[in-house]
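Examination of the molecular architecture
For reference, the chains in residue letters:
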Amino acid sequence: MGAGWYTPGMSQNIESVLNETRKFPPVPAASLGFARWHIGSEEEYRALHARSIADPEGFWREEAKRLAWFRPFDRVLEWSAPDAKWFVGGKLNACYNCVDRHVQAGFGECEAIIWEGEPVSPRTNHPSSTSRYASEPEIRRLTYRDLLVQTSKAANALKALGVKKGDVVTIYMPMVPELAVAILACARIGAAHSVIFGGFAPTAISERMIDAGSRVIVTADGGYRRGEVVPLLRNVEEALGLLRNHGHVVEHALVLRRVGHEVAAGAMKTGDKRGETVMHWWHDTVDRASDACPCAEMDSEDMLFLLYTSGSTGKPKGILHTTGGYLTFVQMTARLSFNLMPDAGQVFWCSADIGWVTGHSYVLYGILMNRVPTLMYEGAPNFPALPGGGGDRFWSIIARHRVTQFYTAPTAIRTFMKWGDHLPAAHDLSSLKVLGTVGEPINPEAWIWYHEHIGRKRCPIVDTYWQTETGGHIVTPLPGAIATKPGSCTLPMLGVDAVVVNEAGQELGPNQGGLFAIRKPWPGMLRGVYGNRERFVSNYWSRLKDPKTGEPWYFSADGARRDEDGYFWVMGRVDDVIKVSGHLLGTMEVESALVSHPAVAEAAVVGVPHEIKGNAICAFVSLKTHWLKANNRHPDELLRKELTSHVAKEVGALAKPDQIRFADGLPKTRSGKIMRRLLRDVAAGVEKITQDTTTLEDFSVVAKLRENEE
Ligand code: 6R9
């Protein structure tokens, strides 16, 4: 078994990472202006990690004590694989841990959220202007007391709409402070939140609401993105129509006014109905609600949220996280990975949208629990767009707010590289102390650029490997303790028993490619796939097990290797899931969208390595000839465009194929399975077809596909 056997979906250039030998030692805390590192040496890390694996209950008991519990837990863990119960018997509340406890401890006036809106007008040539822009962006600062008042009001408003403990509230909002407020308000009253990324289409909203049995949605009239208005309310109204057709009743929609100039919004009044759904403006309900609302006492294992993520089948799965374990895990990982300390002048900025797990754990929960101000930015990095192309908004934000920890994705870093070194160079980035990356393997070139041009060779980079399912970081360097290597996420988080194994569950030697597994439960682990036990078991707990005891191990669906220092190198997904610009997408989701178009007979979607996006989406499509004839249509550019916008409409713009290739038929094995590996090679333009093609049903198909290569 060589290093390359798990190549599907792999977004790292294997040769370049295998030859990567650069190593960057940790720097003294004082050189960055930190009072100290939480963990300051590799020896300390190794001793703590060894202890956390030898005595997980002792280790996690101490960590959990950092939270505020209404009732202490009786037992740390009840484990009957794959089911874990953490901190059994304990009662707590997530909003209390993020907000109330800080106010009660006398920190009510400390900043909790610093928010910057997108709109600014580009600078005119006004000579007296010291700003790069004609108008300064809108900035809002919320203290913990503000957050307490706002979440209490929103919680009371939700209660008035009939939301109860255990209900699922869907949230589809732009990156504005009210999004954080809505999430925390749900947690406050014990309702689970299901946040849907604002880039998703009406079909995606309706699918998720049905799956979650959710009857209340919180949204906004729109949001700003790259100078345009994203029509959130219009999408919700369309979704409500789809839901009605399914017989799913949404009782209430709570709508924040963010943009104000939408026609649909102008026409809406509180109390209006869309079908059976009663519409409410946020300013009519939340603003008028009482600001006193007690925190619900939640069981440690009560559901905190659902977050839908793509899988290898067409339907997204609702990843279920519970309260005590998730909170314990994210407060610890946020603190250790970024060296968070309250009252130390830190400002933490994670540029991810809250619609993804990174935003849940490291824009909100993990950062607020550590009482460090969290920065939220509403819009795009290239607004306003600069004359030469690209944008420097992120660097101006870092300078303006003296950001100390910055966390973003490799795809963004590669985009910044393309826009040019002069953009970050023009800004004061001296406040930065720790840089983070997440979402996909980072190529060494991007890592080095981040290190030199953003970190100015001073700041450690934490390459944090984790998933929606893991709740928080599972493999990452700790910035004061672990020497980094560009492209490697280095060593496991405390309490995480991570390994690279073969199919038989045997640990592999240095630089042997295998499967990434976790052998012991950890508090941030998912507790289920909502309403689908079978998918939970088969997706995560069926492929790998302890060869001695037969106990199932967690399988992340990623291929990985460890080097001679035990460092992990994640090589990418081994299933039919791809990362496109850092967003997880099931190829089946895109295929289902394509075949729902009347012209399409069959579709196969694969990822192709892409310089900026990590993966680009390539769709092979065979068309219905009778439909083409009947409608006088042809496999041409026009149809390509139509199919592309059809996918955007069905799933969301993030799922748009970058390439559509028409084919007479798709290559299949005798058992009828589409030969994706082969299509991947064809799409990537690999010269020699690596897969044994003797099982192909129709050889001519391969030749045709290869002829069609652009
Ligand atoms: C947090 C998040 C999970 C998948 C995961 C893996 C990839 C994430 C990575 C990484 C290499 C890293 N991934 N971080 N691969 N190095 N630092 O992204 O969650 O959207 O659920 O995606 O992302 O393939 O399996 P999610």
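Residues numbered from 1 in each chain as written. Predicted model: local features only at pLDDT ≥ 70, side-chain atom pairs only at ≥ 80, totals over all residues. Heavy atoms only, no water.

Overview of the sheet that holds strand β8 (residues 216-220)
Stated precisely, the cut-off is as follows: When DSSP finds two or more bridges between two strands, those strands count as paired. A run of DSSP states H or I qualifies as a helix once it reaches four residues; a run of E qualifies as a strand once it reaches two. Both are numbered from the N-terminal end. We call two residues contacting when some pair of their heavy atoms lies within 4.5 Å. To obtain each axis, a line is fitted to C-alpha atoms, and for helices this fit is confined to the stretch in contact; angles are then taken between N-to-C directions over 0 to 180 degrees.
Sheet architecture is open: nine strands sit in the order β12-β13-β11-β8-β6-β7-β15-β16-β24, paired in mixed fashion. Edge strands, defined here as strands with exactly one partner in the open sheet, are β12 (273-274) and β24 (528-529). Relative to strand β11 (residues 252-256), β8 runs parallel, the two being bridged by five bridges. Bridge pairing in β11 links Ala220 to Leu256. Here helix α7 (residues 202-212) sits on the sheet and contacts β6 (168-172), β8 and β15 (303-309); the angle it forms with β15, its principal contact strand, is near 140 degrees. In the packing of helix α11 (residues 323-338) onto the sheet, the strands contacted are β15 and β16 (317-322), and the crossing angle to β15 comes to about 75 degrees.

Describing the site of the ligand
Applicable threshold: Being near a molecule or strand, for a residue, means having at least one of its heavy atoms within 4 Å of it. Nitrogen and oxygen atoms within 3.5 Å of one another constitute a polar contact, given that in protein one can donate a hydrogen and the other can accept it, and given that sequence-neighbouring residues count only through two side-chain atoms. Only the protein chains shown count as covering a residue, and every accessible area follows the Shrake-Rupley method with a 1.4 Å probe. By the convention adopted, Pro, Cys, Tyr, Trp, Phe, Met, Ile, Leu, Val and Ala count as nonpolar, Lys, Arg, Asp and Glu as charged, and the other residues, Gly among them, as polar.
Close contacts around the ligand come from 17 residues, with Asp463, Thr464, Thr468, Asp558 and Arg573 the closest. Asp463 has a polar side-chain atom sitting 2.7 Å from a nitrogen atom of the ligand. Within the backbone of Thr464, an N or O atom sits 2.8 Å from a nitrogen atom of the ligand. Look at the ligand: alone it shows 530 Å² of surface, and the protein chains cover 96% of it. Of all the secondary-structure elements, those providing two or more residues to the shell around the ligand are α12 (357-369) and β26 (568-573). Its residues assigned to classes, the shell around the ligand comprises seven nonpolar, five polar and five charged.

A short note on the packing of aromatic side chains
Just so we agree on the cut-off: Planes of paired rings set the category: under 30 degrees apart is stacked, over 60 is edge-to-face and the rest tilted, where pairs are Phe, Tyr or Trp rings (Trp by its six-membered ring) whose centres lie within 6.5 Å. Each residue gets one of three labels from its accessible area relative to the maximum for its type: buried under 20%, exposed over 50%, partly exposed in between, using a 1.4 Å probe on protein chains only. The criterion is that NZ of a Lys, or CZ of an Arg, lies within 6 Å of the ring centre and within 35 degrees of the ring normal, and then a charge sits over that ring.
Scanning the entire structure with this criterion turns up 38 aromatic pairs. Ring geometry for Phe70 and Tyr96: centres 5.1 Å apart, planes at 70 degrees, overall edge-to-face. With Phe70 in the loop between α3 (56-64) and β1 (75-80) and Tyr96 in helix α4 (residues 94-107), this pair connects stretches of sequence that are 26 residues apart. Under the relative-accessibility criterion, Tyr96 is labelled buried at 15%. One aromatic cluster is present, formed by Phe59, Trp60, Trp69, Phe73, Trp86, Phe87 and Phe329 through successive ring pairs. When the ring centre of Tyr567 is taken as reference, the NZ or CZ atom of Lys485 above it lies at 4.4 Å. In this arrangement the basic side chain of Arg519 is found over the ring face of Trp553, its NZ or CZ atom lying 5.9 Å from the centre.

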